[in-house]
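# Remarks on the overall topology
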Amino acid sequence: MPKRILNLFRNLVRKRAVEQELNDELRSSLEILTQEKMKGGLSQSEARREALIELGGVEQVKEEVRAARAGRFLEDFARDIRFALRTLAKSPGFTAVAILTLALGIGATTALFTVVWSVLLKPLPFKDPGRLVALYERSPDGKVAYGSVAGGVFAEWKKQSRGFSSLAILAPSVQHTFFGAGGALPEVLRGAMVSWNLFPTLGVAPALGRGFTAQDDQPSANETAVLSWGFWKRRFGGNRSILGQTINLDGQSYTVIGVMPSWFAYPDASVELWTPVSQGQGAKEMRSMDPSDFDFAVVGRLKPGVTEKAATAQLSVITKRLHDQHLDDPLVSKGASSRPLLEAMVGNVKTPLFVLLAATGCLLLIACLNVTGLLVARGAARRREMAIRSALGGTRRRLFGQHLTESLLLSAAGGGAGILVADAVVRWFVAARPDMSRVDAIQMDVWVAVFVVLVICGCALFACLASSPSVGGSGTLAALQESSRSQSEGHGRARLRKTLLTLEVGLTVILLVGAGLLLRSYQRLRSTDLGCITKNVLTMGINLPPEKYTKDTQRVTFFKSLLEGVRALPGVEGAGLVLAVPGQGFSGGPEFTIPEHPPLPFGKGQSAIIRWADPGYFAALGIPFLHGHTFDPDSQLEKSPEAIISQSFARQYFPGEDPIGKHLVTMLTGRRSFRIVGIVGDTRYLASEPPRPIMYFSIYADLFNRTPNMAALAVHSSTDVTSLSIPIQRIVQRLDPELAVSNILTMNQLIGKSTRDVSFDAALLVAFAVLSLTLAAVGLFGVVSYLVNQRTHEIGIRMALGAQKSDVLRLVIGQGMAPALAGLGFGIAGSLALTRFLSSLLYGVKATDPLTFVAVSLLLTAVAFVACYIPARRATKVDPIVALRYE
Amino acid sequence: MAQKRTDLLRGTLDLLVLKALSLEPLHGVAISRRITQITQGAFQVSFGSLFPSLHRMEEKGWVEAEWRSSDHNRRAKYYRLTRAGRTQLKVEERQWNQVVKIMAAAVQSS
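Not measured: the values here are computed from a predicted model.

On to the overall build of chain A. When helices and strands are counted, chain A shows 27 helices and 21 strands. In terms of C-alpha radius of gyration, chain A reaches 38 Å, well past the compact-globule figure of 29 Å for 887 residues. Across the 887 residues of chain A, 43% fall into the buried class. In chain A, the share of contacts with a sequence separation of at least 24, taken over all contacts with a separation of at least 6, comes to 83%.

Written as structure tokens, this is what we have:
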């Protein structure tokens, strides 16, 4: 072996000397041969000729010897790279287009891979994350597989189940008003209420201080809080002395006991602090058996050797037993369900992300096809060069290696630029989707680098293999002799390019159809009628801390004076208070009964979305009264047992009877009966969901169990409503200087927020589709131009023989449109097969929406026609005389 | 001159070259001539195969080369067997004999 390395060294370093020696050897051999022949009686020139023939071509022998040497591969590779660089530099236009195309394709794919990898595939940063599961109640009707868990049910799970080494519960989203020291403006922030063992269950310890103990998680314990790293840095300047000090949340003092590590983001990145669940409101909720009462989530760590299925089956048994013990409460679930924690955190973004990744994959393939097309075209121009190289002893392997090096260089350059593109896209993605789960985990790492390298190699190999039939090959002599008039080879090459083009158009059509469907969904979503005025409406959240507003009269007075003040502002057309405005979300749907109806069978229940609203709310948002009237504005608290129902409520629960004058009883309203005084039009609780039955109670009513201290203020104005936000905040400040308003949004922004997912996916997919349409058009243009160049001569003859311009146009356009239309056919067929994977992302549009398919077909045909027409028109300008003289 | 070429079995060329060099150092053309001679004209090795084979064996250390004057007073590159080359020749001869024996037996058995 050392000998071999020595040889390698000699061959590479002393290359010139080695070559010189080979040269000398062959020359001396030639002379010896010649002399031999001359002895046989031939003349000098005759002998030399014979000797040359016997030697068999000096250059070829040299090449064979070189091929036998050590280090041949490296040497070839280095030479190939130098040569490829020179060739590429000689045609900067081609090189730039190819690199740019690949950069876009590789960049987009890498960016989406980074996101998919970081969000969906990378394990959670917790201890032994494979054993963590999210646990749910299955709703009695079985419709909701992953429902929230009632505190009381959780307590029984914890007591009785054997499959988990620990079980933790959390209320993942709780709003707090934080009052900074020294009169800083109060701030509304998101926290999570957690059982003391949540952090140990996840296997995470605070970076500073300590986590909660079982003693902290008692109704009687002092209030404690653990801060997120970001919150600690932002509001306390990362000062360690915060440990043990108190902060003011909702007017209450909480002792800070710890700070979580900076990477910790559970349940998601927008949570800024954690408090024990058994304190305050949570204490009561922890005993409730109704899962809809509070949005509790449960996390469990499986014991070693216990499967998720077995552990969940046991929870189901426990839940069923509870159900049977509480048959009077029909909302107690009958079963439990589970899924891996990672799945629970990112399940909702899985489909869209994979769809986007698939779209970038298509884009990359299109980019590759385009570059291949360019290489094929160049292969045609370089046929003579290839023929000469092959005549000079270039073996097929060497020529192929040369070709591969060239496409590898192109694709490496494209990949390099693509990384920059990917970095920019990822940055933008993170900034555009701060709400996405695990968005904090998105980063380019080693695996992304491996992915890029693989993609680069894949692209190079693809472009090289798909375009190589045009390189070298048989008929070297023919290529050397043949003039550029050759038709047969040109046709073969054109056929290859047409096949590539058909594929490209097909992929483009699939992307266009996908983008079109999402775009239509978005349009549908944005144009859904929420059931109320959405133009010039401003909404904001008001949260009266229950610790301060202990008496109902305080709350009523505050709300009344607030509305009075706001309605007096110039430009205000109407103002109202409601638990949640249309489009803002579900916000609870308790069970109710109608005393006038016969009691429901045991174990059956009925529920509706609950809203408390002030009497002026309906008028302010233009929600029409179909029957009856609004709440009596003068009566309040116990004197106001009135209810209003929505149209679908009336239709569903009072079929064929007049609901006015009937009564509603709910647990939330302390089992008091409320008289129905009006029926209003339907509103949607989410823009993407159909209207559901809603029952309204007066915000001034005495609701016993749950004080309506949280409300959204909705203000309708005749002019630009955003200018009202400051005056309204001033009114709030005047009424209570410690109160912060949250989420100041216009109704359109609010809807935009709830339709953001769709609009985001649609925007990205449209961008990809437009890119690929452009690439396909460029590809088509290239092929047709090439054909025109090839056939200039023929077109000249045709015109000389009397062909009209229109004939030539038809001829050339037909050549280009054929592959485009074939591709369109493939694309439509492919889309029909693939778009059903999109159906979970669509809204109000079927995956086979004919309008989208027709529109895409028309668009593609039009673009293809233009791409063919431009070069075709050039063909008609061919002057027969010039064309025939051409050569 | 008719280019009559009999295809050499793979690996046979190396054996023939080693054999040709076993008596005395020779230059390329002479090796070719010697092979034709010892095979009674059956094999005419093309230089396109001979020179790569020589260079490969030189790298493997089986032959050594030096420049010296030929019989006709011309400088030529002479190849000589090394000790490793002689060992290799023995190995290849043994292998070849084995192949011949096996092939002969195989052909006669049918």
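Having put the structure on the table, let's press on.
All names here are of chain A. The sheet contact formed by strand S4 (residues 208-209) and strand S7 (residues 252-259) spans 2 bridges and is antiparallel. Its bridge partner lying in S7, glycine 209 is registered against glycine 258. With 4 bridges connecting them, strand S5 (residues 224-227) and S7 associate as parallel partners. By the bridge assignment for S7, alanine 225 is matched with valine 256. Hairpin geometry of strand S6 (residues 246-249) and S7 is characterised by an intervening segment of 2 residues between the two adjacent antiparallel strands and by a positive phi of about 50 degrees at aspartate 250.

Strand order across the open sheet formed by 3 strands is S1-S3-S2 (chain B), with antiparallel pairing between neighbours. Edge positions in the open sheet fall to strand S1 (26-27) and strand S2 (63-69) of chain B, since each of these has one partner strand only.

With that settled, the discussion passes to helix H2 (residues 15-39) of chain A. Under the 1.5 Å per step criterion, the end-to-end length of H2(A) is 36 Å for 25 residues, consistent within 8% with the ideal 36 Å. Taken residue by residue, H2(A) has Glu25(A), Leu26(A), Ser29(A), Ile32(A), Leu33(A), Thr34(A) and Lys37(A) as its buried positions. Those residues of H2(A) that are buried lie in contact with helix H3 (44-55) and helix H4 (58-68) of chain A together with S1, helix H2 (28-38) and strand S3 (75-81) of chain B. Just past H2(A), the residue Gly41(A) takes up positive phi, approximately 105 degrees.

A separate point is the domain arrangement of chain A. Here chain A is partitioned into domain 1 (2-70), domain 2 (141-333), domain 3 (349-526 + 756-885) and domain 4 (545-738). Centre-to-centre separation of domain 1 of chain A and domain 2 of chain A, based on C-alpha positions: 84 Å.

In this structure, Pro267(A) follows Tyr266(A) across a cis peptide bond, with omega equal to 0 degrees. Backbone geometry places Asp128(A), a non-glycine residue, at a positive phi of 40 degrees. Locating Asp128(A) in the fold gives a position in the loop between helix H6 (92-121) and strand S1 (132-138). Take Asp128(A): there are 13 C-beta atoms within 10 Å of it, and that puts it in the partly exposed class. In the Ramachandran plot, Gln40(B) falls in the positive-phi region, its phi being about 50 degrees despite a non-glycine side chain. Tracing the backbone shows Gln40(B) in the loop between H2 and helix H3 (47-60). With 7 C-beta atoms counted inside 10 Å, the residue Gln40(B) sits in the exposed group.

Here the focus is the interface of chain A and chain B. Of the residues lining the interface, 22 residues belong to chain A; the matching set on chain B comes to 19 residues. For the side of chain A that touches chain B, the secondary structure elements donating two or more residues are helix H1 (2-13), H2, H3 and H4 of chain A. With 7 residues, the top contributor of residues to the side of chain A that touches chain B is H2(A). Grouping the amino acids of the side of chain A that touches chain B by side-chain chemistry returns 8 nonpolar, 6 polar and 8 charged.

We now examine the nonpolar core. Residue and element names in this part refer to chain A. Counting 162 residues, the largest nonpolar core has Val578, Met695, Ala714, Val715 and Leu780 as its most contacted members. Here this core takes 17 residues from helix H23 (residues 756-790), the largest share from any one element. Residue-level mapping places this core at the junction of two domains, with at least three residues from each of domain 3 (349-526 + 756-885) and domain 4 (545-738). Setting aside its immediate chain neighbours within four residues, alanine 714 contacts Val537, Thr539, Ala575, Gly576, Val578, Val581, Ala620 and Leu621. Of all hydrophobic cores here, the second largest spans 63 residues; its members include Val153, Leu189, Phe199 and Phe264.

To continue, consider the environment of Ala712(A). Residue and element names in this part refer to chain A. Looking at the secondary structure, you find alanine 712 in strand S20 (residues 710-717). Spatially, the C-alpha atom of alanine 712 lies 9.9 Å from that of leucine 538, the residues being 174 residues apart in sequence. Non-local contacts of alanine 712, meaning those with residues more than four positions away in its chain, are made with Thr539, Met540, Gly541, Val578, Leu579, Ala580, Val581 and Gln584.

Residue and element names in this part refer to chain A. Alternating positions in strand S17 (residues 663-666) separate cleanly, Leu664 and Thr666 being buried on one face and His663 and Val665 remaining unburied on the opposite face. Two elements, S17 and strand S18 (residues 673-680), share 3 bridges in a ladder whose sense is antiparallel. Looking across to S18, one finds that leucine 664 is bridged to phenylalanine 674.

Between the first and last C-alpha of helix H15 (residues 446-467) of chain A there are 32 Å, a value that for 22 residues agrees with the 32 Å anticipated at 1.5 Å per step. Those residues of H15(A) lying buried are Val452(A), Val455(A), Ile456(A), Cys459(A), Ala460(A), Ala463(A), Cys464(A), Ala466(A) and Ser467(A).

This part covers the packing of H23(A) against helix H26 (residues 850-876) of chain A. Residue and element names in this part refer to chain A. In contact at an axis separation of 9 Å, H23 and H26 are set at 25 degrees when each is read in the N-to-C sense. Classified by the interaxial angle, the pair formed by H23 and H26 is roughly parallel. The way H23 lies across H26 gives a crossing that is right-handed. Of H26, the residues touching H23 (which contributes Leu773, Ala777, Leu780, Phe781, Val784, Ser785 and Val788) are Val863, Ala864, Ala867, Cys868, Ile870, Pro871, Ala872, Arg874 and Ala875. A class-by-class count of the residues in the contact of H23 with H26 yields 14 nonpolar, 1 polar and 1 charged.

Reading guide: rules and limits
Residues numbered from 1 in each chain as written. Chains lettered and ligands numbered in written order. Predicted model: local features only at pLDDT ≥ 70, side-chain atom pairs only at ≥ 80, totals over all residues. Helix = DSSP H or I, 4+ residues; strand = E, 2+ residues; numbered from the N terminus. Rg over C-alpha atoms; globule rule 2.2 N^0.38 Å. Buried ≥ 20, exposed ≤ 12 C-beta atoms within 10 Å, placed from the backbone. Contact = placed C-beta atoms within 7 Å. Pairing = 2+ DSSP bridges. Expected span 1.5 Å × (residues − 1). Domains from an automatic or database assignment. Nonpolar A, V, L, I, M, F, W, Y, C, P; charged D, E, K, R; others polar. Core = buried A, V, L, I, M, F, W, Y, C linked by C-beta atoms within 7 Å. Axes fitted to C-alpha atoms, helices over the stretch in contact; angles between N-to-C directions. Parallel < 35°, antiparallel > 145°, perpendicular 65-115°, else oblique. Left-handed = near helix turned anticlockwise from the far one by under 90°.

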